[in-house]
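# Working through the structure, step by step
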Amino acid sequence: MDVETTKADEEAQKRRERLKNLKNRITENQNGEDDNIQEALPKPIFRNYTPLDEDLRLNQLPKPKPESVETEVQNQLEAAKPEPLIEEVDLTTLAPRKPDWDLKRDVAKKLEKLERRTQKAIAELIRERLKSSEDDLAEAVNIQAEINNRNVDSDED
C-alpha cells in the first residue's frame, strides 16, 4: 500500500510541477502569443462528435469502417438476439418462502422420531389402562380413536 501511495504522490508532484511551469510561462508572456504554451496543454481526443474547428478535427480518432454493410448488419442482428430463456420454471423456487423455512427443514427429522415415540407411548398407556382397570375393550378403542382425532386435528393446523 505504501508503494501505491508513494507512486500516486510522485505522479501528483509531477502534475503540480507541470502546472506551476505552465503558470509561470503564462505570467511571463501576458499577451498569450507564445506557441509553447499551446504545446504544453494536452490535446483533447474527440470520440462522440466531429468538432467544427479544423485544428481539433486532426485530433479526432478515426472511425473503423465496416468491411461491408451486409456484415455489419449481420453482426448487429446477432448481437440483438436474446439469450435463451429457461424452458421450465419450478414454481416452488418462485414462491417466497417463510422466514422460518430452514428451521422447519432442520427439525423435521427430529419431529418424525418424536411422533413415532409419542404413538408408542400412547399405545403403552392404553395397554396399562386396560390391564389396570380391566374395562371394556370397546371403551379403550373409543379413547384411542379420540386421541388419534386430536392428533390429526393438531397436525392439520
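Residues numbered from 1 in each chain as written. Predicted model: local features only at pLDDT ≥ 70, side-chain atom pairs only at ≥ 80, totals over all residues. Heavy atoms only, no water.

### Some thoughts on the overall build of the chain
Counting secondary structure elements, the chain contains 7 helices and 0 strands. What you see in the chain, going N to C, is helices and strands ordered as α-α-α-α-α-α-α. In the chain, buried positions account for 7% of the 157 residues. Split by element, the accessible area of the chain, about 15500 Å² in all, is 53% carbon and sulfur. (Helix = DSSP H or I, 4+ residues; strand = E, 2+ residues; numbered from the N terminus. Buried < 20%, exposed > 50% of the residue type's maximum accessible area, 1.4 Å probe, protein only. Areas by Shrake-Rupley, 256 points an atom, 1.4 Å probe, with all protein chains shown as cover.)

### Quick notes on a nonpolar patch on the surface
Taken together, Val 69, Val 73 and Leu 77 make up a surface patch of nonpolar side chains, about 290 Å² in accessible area. By relative accessible area, which is 65% here, Val 69 ends up exposed. (Patch = residues over 30% accessible without salt bridge, like charges linked within 9 Å, V, L, I, M, F, W, Y side chains within 5 Å. Salt bridge = Lys/Arg side-chain N within 4 Å of Asp/Glu carboxyl O.)

### Let's talk about the UniProt feature "coiled-coil region" (unreviewed entry) in the chain
The UniProt feature table records "coiled-coil region" (unreviewed entry) at residues 104-131. Along residues 104-131 the backbone is 100% helical and 0% strand, and the end-to-end C-alpha distance reaches 39 Å. (UniProt positions renumbered as here; feature names shortened; annotations may be inferred.)

### Here we look at helix H4 (residues 69-80)
The α-helix advances 3.6 residues per turn, and as a result positions three or four apart in sequence lie on the same side. Over its 12 residues, H4 extends 16 Å from the first C-alpha to the last, a length consistent with the 16 Å expected when each residue adds 1.5 Å. The element H4 is barely covered by neighbouring structure, given that only 0 of its 12 residues are classed as buried. (Expected span 1.5 Å × (residues − 1).)

### Here we look at the pattern of salt bridges
This structure, assessed with the given rule, holds 2 salt bridges. Ionic pairing is found between Arg 105 and Asp 106, a salt bridge with its closest N-O pair at 3.2 Å. Overall, Asp 106 belongs to the partly exposed group, its relative accessible area being 47%. With a closest N to O distance of 2.4 Å, Arg 150 and Glu 146 form a salt bridge. Of the two residues, Arg 150 and Glu 146 both sit in helix H7 (residues 137-156), 4 residues apart, roughly one turn of that helix. You can call Arg 150 exposed: its relative accessible area is 52%.

### Looking at a positive patch on the surface
There is a patch of like positive charges on the surface, built from Lys 109, Lys 110, Lys 113, Arg 116, Arg 117 and Lys 120. Its location among the elements puts Lys 109 in helix H6 (residues 101-133). (Lys, Arg positive; Asp, Glu negative; His and termini not counted. Charge placed at Lys NZ, Arg CZ, Asp CG, Glu CD.)

### A look at H6
Along its 33 residues, H6 runs 46 Å from first to last C-alpha, staying within 8% of the 48 Å computed at 1.5 Å per residue. At Ala 108, H6 is deflected by roughly 45 degrees, the largest bend along its length. (Bend = angle between axes of the 7 residues up to and from the residue.)

### Quick notes on the confidence of the model for the chain
Of all residues in the chain, 67% attain a pLDDT of 70 or more, and the chain-wide mean is 76. Mean pLDDT in the chain bottoms out at helix H2 (residues 35-40), which sits at 56, and peaks at H6, which reaches 88. (pLDDT = per-residue confidence, 0-100.)

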